[in-house]
Each structure stands twice: as structure tokens, then as C-alpha cells.
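Close look at the chain arrangement
For reference, the chains in residue letters:
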Amino acid sequence: MDSQDASGQSAAGEPAADRTAGQDPLQLLQALKTLWPSREWLQLREEAWRGFAALDNPCAGLLDMLAGTGGWRVKGPSLEAWLICELHRWLQAQPGLRPPQGDQGLKQLQAQAVRVLAESPASLVEPLVSIFQLQDEDRGPLLVHVHHLRQEGKFKEALMLAMKLKLQPELDVEEMSTPLLLQDKLNLVECYVAGFPNLQKRLLTLMDSWCQPGFDINAIARQHPKVACLKLGKLSPRELSRRVLCLQERFGLDAAELCPHAVAQQRLSALRYLCYKHFVEGSMTRENWVDHVQELVGQNRWLQEQLLQLLVTHSDIGTTAQCARDLLLPVELLPPAVAAKLGRLQLEERPAEVPFKDQRDHYYQLPIARGDICFLASWEDLAQHEAQLLRPDQVMGMDLEWRPSFGTGGRPRASLLQVAVEGRVFLLDLLGFSQLPPGGPAVQALCRLLSRLLSDPTITKLGYGMAGDLHSLGASFPGLVHVEKELQGGLDLMPVHKRMQMAKAPGVPRPGGPRGLSLLVQQVLGKPLDKSQQLSNWDRRPLREGQLIYAAADAYCLLEVHRVLCREPGRFHLTADLTESMRPGQSDRSASEVSGPPRQVPVATGLPPTPEVPARAFRVVCDNMLQGLARCLRCLGADVRVLGLGEDHREAAELARQEGRIILTSGLPYHKLQAQVRAGRCLSVDCSLKAQQQAMAVLKHFNVRVTLSDIFSRCQACNCDQYLKVSKDMMQHLLWLDGHQEGPSSTGAETTQSEDARESGLAPEETLGSCAYEPSCRWLEASDLRPSPPATLSNGTRLQLAGVPAGVLRRPGLHHFFCCPGCGKVFWEGSHLGRVARHFREILKEPLTQPAEPPRTEP
């Protein structure tokens, strides 16, 4: 054969006359394997292209070469993957060698190629599709293969193949996505519909239908018996509605039209929170509560019914009747006793609303007259007060208010900006300005004024958490999107407050006392802020008198706090230069550099001893950065919920309030979360510690009592606290039905011993003492299983038998196994129990020589 140039073309431009017809493709593969370690790419290409030309059918030869190897199935460089790409290049250089569409031999090759494609990484999709002309082929056979994969229970593989071949528009999105949603693979389904707006709408409609009241997700699971590892806990109405609305926001679609049930579920969660704030905490006034509840419920009949149930739970008949009157709830929905009370109330004369006057001496009082609070709502108002706002060398306090969303979706927009100067407070109506034309004179005047004010280094701007306020301001007005970077002369009092707390400044916070800015005002000025209007509806116009006074006080108190701190810094353990840790955007970093993270564990609180808590009664919620801590606490019997990767940290606060859990978090979320729960119910965990050290510190901090019977009383994977005991014979039968083979019988005891050591992490000769694992649970019976394989419990949970190593069934002394009905994991007694007991010996309330429970015998 003539020599080839660097491009791989024959020097003569034509196939060589002495080509050896019918060369064995496996000989070509072997020759390439010999050259592959050298990575001499030119030599490899010459050999490959020479071999392709010598094959009767290069496409069929490629399939023969791939059939005997598996390197092409994994990501990363491999000889097989390189070979596919090289054949693709060679065929592009030899267009006349491709068989025509409709050729019977090509159809057979395409059918084989589809199976290869189903197992290939994404990088090989394009060359394989081109080599076998799949993009030009009738889509019918491809769709049939996707259907066959689904029939075999390979739902993920079917979806991935459909994505590779861009078959989404020709497949039913409900059929493709439902099995994966039942397995909690929403991210994969989201990728499947990416770029297809119609499919995104259908997906949202499907998921929203699962959020409707009374919907039974188990009915859907029963329709898909081949779906393994069901995770239905992630599909509760509350959790699913949150996911639906997150998807809707990412897709940029209308939630009210496509997701009415998800919106209703989120509003119900908000109603629960509002009832807690008003009736339990008493931290929200009746008028503010009524405002928010009316907006959430509207005319939705189901929400009205749910609200009535909440009212009956949280209050007496008289209060329920008053709320029903204020909220204009339909009389026909009211219980008879409440309806009768409402009738009597309507006959009585309703007292006139008393104007708001803040005369409570135990709260901070605004030291200026009501006439010195100016509401600026127009371009003319800004022009009138511009000179006073931009006066150089002055100090001003700034704050921002917005209508709380209570987790019902959407990003809150800035509603009111408070600017306090000596003797006066200006309230800028950001909501009113945002409703004007963006390029109009009023909005331009507002952006110009605020840009000049915030970038003027001679004006000292005070705030508490300024970075967040400036970010919200930029998000509300595109003309102010860069103000956070352009800010000069800004002083954030939040890091100063952190330093005071870490230095044990006067006024250590007491349980249930004020927090945040209110606590700072109390520590410095002697009285806290009245925060009863904090969660009011800041989008209502006109604002109530109480809202105006609260907004003014929130900004003006910063001036008085700053004045005292500058005058007496030593009294509060501060230096004379407060600017060291008060730059917005660096507040959290500065505070941590000075004093370390807040409320890290282990920590000395100075509070009275905490009552002892049994491990199984200890309930916490961890953020997703503390997965290791969560597993350790579950291992010791604690009830632990863990936020998912995409979940908002506000979910932790809601779980803590509704289920009585303690929040364990790390990093920045602590400051937001601790303000939403009672004192002592949120703890910041030191991430520099190992998970076992974190668990030890947390358990000591809350005085949790752990016994040997608590260890492994709860599944570390799913938090389920129930097990089923499986006899050795039944386990052997289930493994046989599922096709899981044991190791060769010739391995004998030595193999079993080595496997035991590998599973436990201990040498075979080490013993466990008398630690025995015998949780109180019933035996698994045949009636608990579905009749056909794979082994699946009647609740739809598939047993994870693949995790049972070969040889365990031959272990001497092992008579039974345990399985978790929540996730299907299989457990058996080994050395792990003793190892955990030794690690946590310091906090165990009984000696290790005692067994957790008297040994049980197999029935």
C-alpha cells in the first residue's frame, strides 16, 4: 500500500490495489492495543486508517471491536473511544464508502449501534450517530428501542438515550419522567425537558396534579411496579409544591396558570406560619395578620377550609368567629358553634379602630415629632428635599423594607427606603416609583439621587446588614444595579454588634428576648425596638400609622446607636475606629476574623443546665453541608431531617417551628435562621471538626442521653426508625430470585473471614465484646413482599440486595438480617456496632459490657 500523509489520505488519492480484503477487525484492535501505550498519535492514525481501508465493512468491524471490550462505556480517554472518533474522521474523508439509506445491512447495523449508543458517554453520541447515519434514519426503530428499555425497567437508560438522540418531542413526557420522579431524579428530568418549552409546561402540569388535595402518590407508584428504590418521601405535597415552583421560576413560566395546586400548597404553608406568629408567638398584630391572610386565601375554597381548621386549632370559638368576620369567610363553611357566635358578634356594634400610638415605655421611642417623617412619592418630592439628603459631611441611617413572601414564591422587591438624618426621616416610596415607566423622569431622578448619595464618601451611611439591602435595591431598579460596588462611606453596624457579643458586651441576649438590630438597640440605648410591624404588608398604600413610625424608628435608631458607640467604645469592648469591620459585603468575614463564627459548638452558653433528652426524642434539622453529622446522629438514634441540595434554608426554620426541631447549620445561614426560631433552637456547627467530633459536641451541648439500644435504632440513609428482621433462609431465597450470585464455594472460611474484616475495618481476630444488635422489630413475611421479582416490599420499596457481599450468608453465627422499609437497605450484625460504641464511649449512659437487649432466637 502507498504511504499516507499526515491527514491519513492515501498519497495516490485512491485505495491501494494490494489491499487485503476481509481483514479480521480483532487483529486491527490488537495491533492498536500494542501501539496505544506510546501515544504516538500519527503512527496510531496511520495504522487505524490503514486497517479501516482493509475491512470489508468498517462500521460492522467497529461493532465487532467494541463487543469484546468495555472501555468505551466510561468517561475519559480510552482506545475504544479514540477508535470511534477516528472512524468518524475516516468516513468523513471517504464519503463514497457510506451505504445508502434503506440498505438492509445498514438497518441491522443501526439496530446494534442503538444498543451501543445507550451505554455510551455523551462525548461519543455525535460520532456514533454520524457513523451509522442514525440522524437520517426512520425514527421508528429508535423509539421502539427506547420503549424496550422502559419495558425492562431501565428508565434512566431510556431517558438518557432519548436525550442523546433528541427524541424528546416524539415521546410522551409523562411516561418518560414519572418513573424518575418516583426515584427522586428531578434534576435528570429537568435536563430532559431543557430547551423544549411545551414539554416543560407538560412536566409542570403533571407534577402540579400530584400536589392537589387528597392525591395519593402511592397510586402512581403501584402503576409502575418495575421502578426500584422509590423515594416517595420527597413527593409529599409540601415538598413537591416547593420543587414545582422552583422549576416554574427557572423555566420562566406562569405559576398561576400551570401550577395552581402547588401555589395553594405553598400558601397553606404560609398560613401555618402566620398562625404560629400571631397565635403562638404573639409577634404579629391582628391587622397585619389579616392583611397577609386575606391576600393568601383570596376566594380559594380549599384554602378557606384549611384556614378554618387552623383557626379552630389555635384559638377559641370567640376568636375564630372574630377572625371569620374580619376575613369575610363564607358562613356555610363555619362550624355551627362558630357560626352562632359570629351571628351574635354581627348584632353587636363593632368598635372603631383606635389610631396607633406607641406609648409602651419598654420599647425604643422615636425622638422626633410625627411631622418630621416625610413620605416622598414623586419626582417633585425628591427635588424638594434633594439638598438636605445630599448635604456633605453628615451621618445618616438607612434601612429597606419589603413585603414578606412567606415562601410562596417570587423574589421580594424593595417597597420602602428609609433615610434618617439628624432631626428628620425620609421615607422613599420605592414601590410607587417601580410602577412608573423605567425611563421616565421620576425613576431617573430617584436613581440619580441615590447613586450620588451612596457614592459620596463625605456622607456616612449607617446600616445593619447593608449588603443585603443594597442588593435588593439593585434588583428592584436596574439603574441601581451597581450601587453595592460603588458604595463609599458606608458603615455596617452588624459586624460591630457581632464583635460586641463575642466580647461578652453588656446585655447578653436572654432566651426569647430581642435579636438582631433590636438587641443592639437594647444593649446600647437601654430599650429594644418594637418589631411588631416588621412582617406587615409593606406594599399596601397608604401605609398605616404604625408602619410609618416603625419604619422611621428602624432607621433613626442607627444614628443614636452610632453616636453612643463613637462616644464610649471601650464600654462595649470596641476600638475607637469602628470602620475596621463595618464595610458592607465584608461584614460576615470581618466578624469571623475578629471573633470566630457565632455559637459554634462546642460552646459554653452560661445558661442553666439543660434537662436530659433521650436520644430518640432528640429532633434536629441539618443543612446540606452537614451530611456527615446527620449520619452520625442518626447512627445514635436521633431523629434527623436533612435539607436537599436545592432547598432554601428557610425550609429549615419552617421544619423547626412545625415539628419542634433544633436547627444545626454552618456558615452564613446561621444569622438568618437564628432570628426565625426561639432562642437556643439554632446552633452553628464548626465545620473544621470531623463528623464524629461534631456529633459529640452537639449531644453534649443539648445534654442528650444515648444508650447502647439507641445505636443503629434508626436508618442512617433515610431516617426511618423501623426495621424488618429477615431470616437467613429468606435472604438466600431473595438473593437467588434477584439473580445475585454468591462467590465460589471454594473460598471457604478464609474468604468469609477476609470479607468480614473488609466490611468491619477490623482484623478477623478482633472481638466485639458483648455488644449485641437486637432491635425490637417483627419478622419479614412473604405477605410483606410483592409476588414477582425484583424483591419489593408491599409499600413499593425495593430491597437493595446488591449491597449484600458474597460470602456473608456463609458467615458462622449469622442467623438473620435486617432491612429498612423506608429505603430498602439491608443490614447485618458485624463489628460496626462495637466500633461506634467505643467511639462514643464518653457519652454512653451504660457500660459497654451490657448488651443492648437480651439476644433473641430465630423462630
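Procedures and definitions
Residues numbered from 1 in each chain as written. Predicted model: local features only at pLDDT ≥ 70, side-chain atom pairs only at ≥ 80, totals over all residues. Heavy atoms only, no water. Helix = DSSP H or I, 4+ residues; strand = E, 2+ residues; numbered from the N terminus. Buried < 20%, exposed > 50% of the residue type's maximum accessible area, 1.4 Å probe, protein only. Contact = heavy atoms within 4.5 Å. Areas by Shrake-Rupley, 256 points an atom, 1.4 Å probe, with all protein chains shown as cover. Phe/Tyr/Trp six-rings, centres within 6.5 Å; stacked < 30°, edge-to-face > 60°. Salt bridge = Lys/Arg side-chain N within 4 Å of Asp/Glu carboxyl O. 1 Å grid on protein atoms, 1.4 Å probe; cavity = no way out; pocket = protein on both sides within 12 Å on 5 of 7 lines; lining within 4 Å. Points joined across faces, edges and corners; volume = space filled by probe spheres on them. Nonpolar A, V, L, I, M, F, W, Y, C, P; charged D, E, K, R; others polar. Pairing = 2+ DSSP bridges. Axes fitted to C-alpha atoms, helices over the stretch in contact; angles between N-to-C directions. Expected span 1.5 Å × (residues − 1). pLDDT = per-residue confidence, 0-100.

An unreviewed UniProt entry annotates the protein as Exonuclease mut-7 homolog isoform X2 originating from Erinaceus europaeus.

Our focus in this paragraph is the overall build of the protein. When you go through the protein residue by residue, the secondary structure sums to 35 helices and 17 strands. When burial is assessed residue by residue, the protein has 49% of its 859 residues classed as buried. Contacts in the protein between residues at least 24 apart in sequence constitute 70% of all its contacts with a sequence separation of at least 6. Approximately 40900 Å² of the protein is accessible, and the part contributed by carbon and sulfur atoms is 52%.

A complete count under the given rule lists 10 aromatic pairs for this structure. Ring centres of Trp36 and Trp82 lie 5.9 Å apart, and the angle between their planes is 50 degrees; on these two criteria the pair is classed as tilted. One end of the pair, Trp36, is in the loop between helix H1 (25-35) and helix H2 (41-54); the other, Trp82, is in helix H4 (residues 79-93), with 46 residues separating them in the sequence. On the basis of relative accessible area, Trp36 is assigned to the buried category, the value being 13%. A relative accessible area of 13% places Trp82 in the buried class.

According to the stated counting rule, one finds 35 salt bridges in the structure shown. The residue Glu86 makes a salt bridge to Arg45 at a minimum N-O spacing of 3.1 Å. With Glu86 in helix H4 and Arg45 in helix H2, the pair connects residues that are 41 residues apart, well separated along the chain. Relative accessible area serves as the criterion here: at 1%, Glu86 is assigned to the buried category. Note that Arg567 and Glu568 form a salt bridge whose closest N and O atoms lie 4.0 Å from each other. The exposure class of Arg567 is exposed, given its relative accessible area of 55%.

Here the second largest pocket is characterised by a volume of approximately 1600 Å³. Looking at the second largest pocket, it is lined by 44 residues, and the ones nearest its centre are Asp184, Gly233, Lys234, Arg243 and Val642. Mapped onto the lining of the second largest pocket, the elements with two or more residues apiece are helix H10 (186-193), helix H13 (237-251), helix H29 (627-635), strand E10 (639-642) and helix H30 (650-659). Counting residues per element, the lining of the second largest pocket draws most heavily on H13, which supplies 6 residues.

What follows is about empty space enclosed by the protein. Within the structure shown, the criterion is met by 2 cavities of 30 Å³ or more. Met398, Asp399, Leu400, Leu417, Leu462, Gly463, Met466, Asp469, Leu470 and Leu473 are the residues that line the largest cavity. The set of elements that each furnish at least two residues to the lining of the largest cavity consists of strand E2 (395-402), strand E5 (460-463) and helix H23 (466-476). Grouping the amino acids of the lining of the largest cavity by side-chain chemistry returns 7 nonpolar, 1 polar and 2 charged.

The sheet built from 6 strands is open, its strands ordered E1-E4-E3-E2-E5-E6 with mixed pairing. The sheet terminates laterally at strand E1 (373-376) and strand E6 (490-492), the two strands that pair on one side only. Going from strand to strand, the sheet's axes swing by 25 degrees on average, the running direction of each strand aside. Along the sheet, helix H27 (residues 545-567) contacts E1, E2, strand E3 (414-421), strand E4 (424-428), E5 and E6; its crossing angle with E2, the most-contacted strand, is approximately 145 degrees.

Moving on, we get to the sheet that holds strand E17 (residues 826-827). Read from one edge of the open sheet, 4 strands run E15-E14-E16-E17, paired in mixed fashion. The sheet is open, and its two edges are formed by strand E15 (778-779) and E17, each paired on a single side. Inspection of the sheet shows strand E14 (residues 724-727) paired to strand E16 (residues 816-819) by 4 bridges, in the antiparallel sense. Counted as the bridge partner of Leu724 is Cys819 from E16. Here helix H33 (residues 728-737) sits on the sheet and contacts E14, E16 and E17; the angle it forms with E14, its principal contact strand, is near 80 degrees.

What follows is about H2. Its 14 residues give H2 an end-to-end C-alpha distance of 20 Å, which sits within 8% of 20 Å, the value for a rise of 1.5 Å per residue. All of the buried residues in H2 are Leu44, Ala48, Trp49, Gly51, Phe52, Ala53 and Ala54. In this structure, the buried residues of H2 make contact with H1, helix H3 (58-67) and H4.

For the protein, the average pLDDT comes to 80, and 82% of its residues sit at 70 or higher. Considering each helix and strand of the protein separately, the mean pLDDT is smallest for helix H34 (residues 748-760), with a value of 34, and largest for E4, with 97. In the predicted structure, residues 581-608 sits below a pLDDT of 50 and forms 60 contacts with residues beyond four places in sequence or in another chain.

Turning next to the side chain of His88. Secondary-structure assignment places His88 in helix H4. Judged by its relative accessible area of 12%, His88 falls in the buried class. If we ignore the near neighbours within four places in the chain, the residues touching His88 are Pro127, Ser130 and Ile131.

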